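# Descriptive analysis of the structure
Here is what each chain is made of, one letter per residue.
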Amino acid sequence: MQVFLGDAITLMRQGEDPTMVTGQVSGVVLNDARQLERIYIHGIDVPFWIGTGWLIVDESEDDDGEI
């Protein structure tokens, strides 16, 4: 999945206390392998680190659950 500045995305972290965050991407950082390392959401000062369990929710499905 490609993520661009200004995109509205939802991040999810599963576990004992599942958490979802929705917002506008204000920054992205890639690692040395050019893979997504962390994402910044507008209005939130700390980044969401992909390596600590945060996943991007694919919202490309329509209301009927079909792609």
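Scroll up a little and you will see the structure.
Below: a short report on this structure. Model, not experiment: these values are computed from the prediction. (Residues numbered from 1 in each chain as written. Predicted model: local features only at pLDDT ≥ 70, side-chain atom pairs only at ≥ 80, totals over all residues. Heavy atoms only, no water.)

## Here we look at the overall build of the protein chain
For the record, the criterion: Helix and strand definitions here come from DSSP, where helices need a minimum of 4 consecutive H or I residues and strands a minimum of 2 consecutive E residues; each element is numbered from the N-terminal end. By definition, residues are in contact when any of their heavy atoms lie within 4.5 Å. Exposure was quantified through the Shrake-Rupley algorithm and a 1.4 Å probe, taking into account, for residues, occlusion by the shown protein chains and nothing else.
When helices and strands are counted, the protein chain shows zero helices and five strands. Reading the protein chain from its N end, one meets helices and strands in the order β-β-β-β-β. Looking at the protein chain alone, contacts between residues at least 24 apart form 30% of all its contacts between residues at least 6 apart. Carbon and sulfur atoms make up 48% of the accessible area of the protein chain, which totals about 5,200 Å².

## Details of unusual backbone geometry
Phi is positive for Arg34, close to 65°, though the residue is something other than glycine. Within the secondary structure layout, Arg34 lies in the loop between β2 (19-30) and β3 (36-41).

## A short note on the pattern of salt bridges
The line we're drawing: For salt bridges, the criterion is a side-chain nitrogen of Lys or Arg within 4 Å of an Asp or Glu carboxyl oxygen. Residue exposure (1.4 Å probe, protein chains only): buried if accessible area is under 20% of the type maximum, exposed if over 50%, otherwise partly exposed.
Within this structure, the stated rule accounts for one salt bridge. A salt bridge links Glu37 to Arg38, with the shortest nitrogen-to-oxygen separation between them at 2.4 Å. Overall, the relative accessible area of 24% leaves Glu37 in the partly exposed class.

## Some remarks on the environment of Glu37
Following the sequence through the fold, Glu37 ends up in strand β3. When the C-alpha positions of Glu37 and Ile50 are compared, they lie 5.6 Å apart, and in sequence the two are 13 residues distant. Residues in contact with Glu37, not counting those within four places in the same chain, are Val29, Leu30, Asn31, Phe48, Trp49, Ile50 and Gly51.

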